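What the coordinates show
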Amino acid sequence: MSGLVSAQERVSVDANVANIRSGAGTKTNVLWQVERFHPFIVVEKKGKWVKVKDFENDQAWIHSSLLGKTKSVITIKNKCNVRSKPTTKSSILFTTERGVPFRSIKKEGNWLKVEHADGDVGWIHKSLVW
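Procedures and definitions
Residues numbered from 1 in each chain as written. Predicted model: local features only at pLDDT ≥ 70, side-chain atom pairs only at ≥ 80, totals over all residues. Heavy atoms only, no water. Helix = DSSP H or I, 4+ residues; strand = E, 2+ residues; numbered from the N terminus. Buried < 20%, exposed > 50% of the residue type's maximum accessible area, 1.4 Å probe, protein only. Contact = heavy atoms within 4.5 Å. Lys, Arg positive; Asp, Glu negative; His and termini not counted. Charge placed at Lys NZ, Arg CZ, Asp CG, Glu CD. pLDDT = per-residue confidence, 0-100. Salt bridge = Lys/Arg side-chain N within 4 Å of Asp/Glu carboxyl O. Phe/Tyr/Trp six-rings, centres within 6.5 Å; stacked < 30°, edge-to-face > 60°. Lys NZ or Arg CZ within 6 Å of the ring centre and 35° of its normal.

1. Details of the overall build of the protein chain
Along the protein chain, the regular secondary structure elements total zero helices and 13 strands. Taken from N to C terminus, the helices and strands of the protein chain fall in the order β-β-β-β-β-β-β-β-β-β-β-β-β. For the protein chain, the C-alpha atoms occupy an extent of roughly 50 × 40 × 20 Å along the three principal directions. In the protein chain, which comprises 130 residues, the proportion classed as buried is 38%. For the protein chain, contacts bridging at least 24 residues in sequence account for 49% of all contacts bridging at least 6. Within the protein chain, one finds 22 positive and 12 negative side-chain charges whose respective centroids are separated by 5 Å.

2. Observations concerning the confidence of the model for the protein chain
On average, residues of the protein chain carry a pLDDT of 94, and 95% of them reach 70 or more. pLDDT under 50 marks residues 1–5. Its contacts with residues more than four places away, or in other chains, come to zero contacts.

3. Points about the pattern of salt bridges
Pairing of side chains with opposite charge becomes possible as their charged atoms draw close. The tally for this structure, following the rule as stated, stands at six salt bridges. Across the pair Arg36 and Asp14 runs a salt bridge, and its minimum N-O distance is 3.4 Å. Taken as a pair, Arg36 in the loop between strand E3 (30–35) and strand E4 (39–46) and Asp14 in the loop between strand E1 (10–13) and strand E2 (17–21) lie far apart in primary sequence, 22 residues in all. Given the relative accessible area of 22%, Arg36 is considered partly exposed. Assessed through its relative accessible area of 41%, Asp14 is described here as partly exposed. When the shortest N-O distance is used, the salt bridge between Arg103 and Glu115 registers 2.5 Å. Here Arg103, found in strand E11 (residues 101–108), pairs with Glu115, found in strand E12 (residues 111–115); they are twelve residues apart in sequence, far enough to count as distant. For Arg103, a relative accessible area of 29% puts it in the partly exposed group. Salt bridges here are not isolated pairs; linked through shared partners, they connect Glu9, Lys45 and Lys69.

4. Topic: the environment of Val34
By secondary structure assignment, the location of Val34 is in strand E3. The contacts of Val34, once residues within four sequence positions are left out, are Val13, Asn16, Val17, Ala18, Ile20 and Phe40.

5. A closer look at the packing of aromatic side chains
Under the counting rule described, the total for this entry stands at one aromatic pair. For the cation-ring pair, Arg10 lies above Trp130, with the distance from its terminal atom to the ring centre recorded as 4.3 Å.

Shown next as structure tokens:
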């Protein structure tokens, strides 16, 4: 075996709110809803439907029209500080809970400049996101 791992396709929600379903179709159950920038890994495609996996390894279906290629991350810890600059010495702009998605704007060392769907912008350490 060569040891090469194929890159997994990452996508993110490109709608304000998206239904995540039990199957590929609008007649299937809505399992949960997610907000803009929620990141996923593509597992399978079936027509206009995409089976996705999230940061908790949950798998479900979403319509492809709700997805885009915006680089995004989601917080994986409770009480994640979002700061004014890419350093732990900078002021905390706001704190988020686990499971909050952000658009990734820029990377600087181990820090990411992120934007929430509501427009809040700041820096978060990459160890706090998926």
